[in-house]
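Letter by letter, the chains look like this.
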Amino acid sequence: MSQDHPSETDIACYSQTTPPESDTFDAIIVGARIAGAATAALLAEQGARVLLLDSATFPASTVSCPVFYGNSMAMLERIGVLDVVDAIGAPRITRYGTRSPDLDLVARLPHAHGRDFAYSIRRERLDTAVLRRVQTYPGITLREGFRVSDLLWGAGQVVGVRGRQNGGPEETIYARMVVGADGKRSRVARAVNAPIYDRITGDTAIFYAYYRNFTPLEEPSAIVNLEPESRQAALVFDADNGLTVISVGVPSAQFAAARTDPEGTLERTWRSFPELAVRGHNAIRETPVVGQGPTDSFYRQSYGPGWALVGDAGHYIDPITGQGINNALRSAELFAAAWARTRRRTSWQWAMAGYQRRRDAETRPMYNLVAFGRRVQPAVDAGLDIWTPLLQAIARHPEITTHYIGIYNGATRVDAFFSPANLTRILIQDGLRYQLPRFAIGTLSRALAT
Ligand SMILES: Cc1cc2nc3c(=O)[nH]c(=O)nc-3n(C[C@H](O)[C@H](O)[C@H](O)COP(=O)(O)OP(=O)(O)OC[C@H]3O[C@@H](n4cnc5c(N)ncnc54)[C@H](O)[C@@H]3O)c2cc1C
């Protein structure tokens, strides 16, 4: 089927060819990385017969230099894979935060879900470790190298997929539902024409690579180094296998030039930070430079008749927030819980609407923080910077800094931190050295809450 939507003829055709019940999977999941593997594990745990498909053959890397935290580890533990992730032996990152010439907002990570550290693990190792465990679970069939090209429709709903194994002959496979865990450019989302209902225009490109011999800090760390004037950022995370991942952010306006020389852009940017230049004096780049151009954050309609989206396919947020893996795992949990409700007589529509609503409610505050940052950027560029003085006020108080750092690992609620009461408390504790006007407190809090 070449078009994205079923025609009357398609519907008739597929309803007539739907195979016997016994040959049908309960779920086909397209995409077998974090969101897909977690969804498969959670459905199989409920007795579902799951077919997990990915066009990649693992180990396979993807564009992502991931740091993830205690909240994600708790979910990895719940699906029975944390031990294989721990066994990779990545350093436990305990210091986290942001540094610029006029700001030192770095602290120890607070406890979140029983853990006070983060990991940064190359995706080919992380995703492969998780997948190799999940594929052993009863009820799960994994096919790597299988690219889904389209969906099958019957009686107005999705009933399966069409695709090819390693470019071989086309196959059709049937299931009671198809779950797109196939990333932000989701093929499943395109096939069902799932609309995007909220969007933040991306304003930063990212380039990164892994290095050896980059001198670590005393404690394993993940630190964002900022140069506000040039709006450049260099993120330095201690990763697995003695490696350090360095990513740089490049504003949209400079992307066209930067993409002609990714290696030079990466090297020049991080070496322009004096501390990093010293620590990286003997650093050797071990991997090619990869990255992505400015990419919009969004919420996409994530369910319909016979289909659903989890992970980046349904909601994507600027990677600078470091929330993607956690959001992917959490959406898998929420989706699997909603599916369980459909088996207790809740209608698919009702259960899935609940899934999407809950996912959005949990992720909105951080998303709104990104949106707010974009909205105030022109004012910041024009010299009306409300952020830096607020962050400086936070940084002057170690316990508030720790509380702030907790918005990234789930120890602190974003909306609670930026509530009028908490911002006022911070300013009073700071002796009102920085007087954020009342209207700014209100605007900030309202913007994050909506
Ligand atoms: C530069 C960068 C840095 C990042 N850094 C972080 C970070 O530090 N921390 C963090 O938490 N998040 C980070 N993220 C975000 C994180 O990578 C994603 O949120 C996360 O990988 C989403 O997982 P997923 O399983 O939804 O999708 P993906 O990881 O994108 O996996 C989708 C899978 O679907 C498969 N697929 C796609 N189409 C098809 C098809 N037609 N047929 C079969 N298979 C298909 C793909 O092969 C792929 O394996 C970063 C992202 C980027 C781009």
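Structure shown above.
Residues numbered from 1 in each chain as written. Predicted model: local features only at pLDDT ≥ 70, side-chain atom pairs only at ≥ 80, totals over all residues. Heavy atoms only, no water.

S.K.: I keep staring at the site of the ligand and nothing clicks. Help me out?
M.R.: Inspection of the region around the ligand gives 29 residues, with Asp 54, Ser 64, Arg 123, Asp 312 and Ile 325 positioned closest. Within the contact set of the ligand, an oxygen atom lies 2.6 Å away from a side-chain nitrogen or oxygen of Asp 54. Computed on the free molecule, the ligand has an accessible area of 1,000 Å², of which 91% lies beneath the protein chains in the complex. Mapped onto the shell around the ligand, the elements with two or more residues apiece are helix H2 (34-44), strand E8 (146-154) and helix H10 (324-342). Element by element, the count of residues in the shell around the ligand is highest for E8, at 3 residues. Looking at the shell around the ligand residue by residue, the class counts come to 13 nonpolar, 9 polar and 7 charged. (Near = heavy atom within 4 Å. Polar contact = N/O pair within 3.5 Å; in protein donor to acceptor, adjacent residues only side chain to side chain. Areas by Shrake-Rupley, 256 points an atom, 1.4 Å probe, with all protein chains shown as cover. Helix = DSSP H or I, 4+ residues; strand = E, 2+ residues; numbered from the N terminus. Nonpolar A, V, L, I, M, F, W, Y, C, P; charged D, E, K, R; others polar.)

S.K.: Explanation requested: helix H13 (residues 398-409) in the structure shown.
M.R.: Every α-helix winds through 3.6 residues per turn, so residues three or four apart in the chain are directed the same way. With 12 residues, H13 ought to run about 16 Å at 1.5 Å a step, and its terminal C-alpha atoms sit 17 Å apart, in line with that. Among all positions in H13, only Ile 400, Thr 401, Tyr 404, Ile 405, Gly 406, Ile 407, Tyr 408 and Asn 409 are buried. Looking one or two places after H13, you find Gly 410, whose phi comes out positive at around 90°. (Expected span 1.5 Å × (residues − 1). Buried < 20%, exposed > 50% of the residue type's maximum accessible area, 1.4 Å probe, protein only.)

S.K.: Is there a simple way to explain the side chain of Asn 71 in this structure?
M.R.: Structurally, Asn 71 is set in helix H3 (residues 70-78). Judged by its relative accessible area of 8%, Asn 71 is buried. At a separation of 3.2 Å, a polar atom in the side chain of Asn 71 contacts the main-chain carbonyl oxygen of Asn 409. Ignoring sequence-local partners within four residues, the contact set of Asn 71 consists of Ala 112, His 113, Asn 326, Asn 409 and Gly 410. (Contact = heavy atoms within 4.5 Å.)

S.K.: Looking at this model, I keep getting lost on the pairing of E8. Mind explaining?
M.R.: Walk down a regular strand and you will see the side chains alternate between the two sheet faces. Burial runs high along E8: 7 of the 9 residues are buried. Examined bridge by bridge, E8 and strand E9 (residues 157-165) share 8 bridges and lie antiparallel to one another. Paired with Phe 146 across the strands is Gln 165, a residue of E9. Once E8 ends, the chain turns through 2 residues before running back antiparallel as E9, passing Ala 155 with a positive phi of about 50°. (Pairing = 2+ DSSP bridges.)

S.K.: I keep staring at the packing of aromatic side chains and nothing clicks. Help me out?
M.R.: Each pair of aromatic rings is reported with the distance of its centres and the angle of its planes. According to the stated counting rule, one finds 17 aromatic pairs in the structure shown. Aromatic side chains Phe 117 and Tyr 119 sit 5.4 Å apart centroid to centroid with 65° between the ring planes, which places their arrangement in the edge-to-face category. Its relative accessible area of 7% is what places Phe 117 among the buried residues. Judged by its relative accessible area of 2%, Tyr 119 falls in the buried class. Where Tyr 404 meets Tyr 408, the ring centres are 5.9 Å apart and the plane angle is 80°; that geometry is what we call edge-to-face. Here Tyr 404 and its partner Tyr 408 are both found in helix H13, 4 residues apart, which amounts to about one turn of the helix. Here Tyr 408 falls in the buried class, since its relative accessible area comes to 15%. Among the aromatic residues, those joined into a ring-pair cluster are Tyr 69, Tyr 96, Phe 372, Trp 387, Tyr 404, Tyr 408, Phe 417 and Phe 418. Between the NZ or CZ atom of Arg 49 and the centre of the ring of Phe 25, over which it lies, the distance is 4.7 Å. (Phe/Tyr/Trp six-rings, centres within 6.5 Å; stacked < 30°, edge-to-face > 60°. Lys NZ or Arg CZ within 6 Å of the ring centre and 35° of its normal.)

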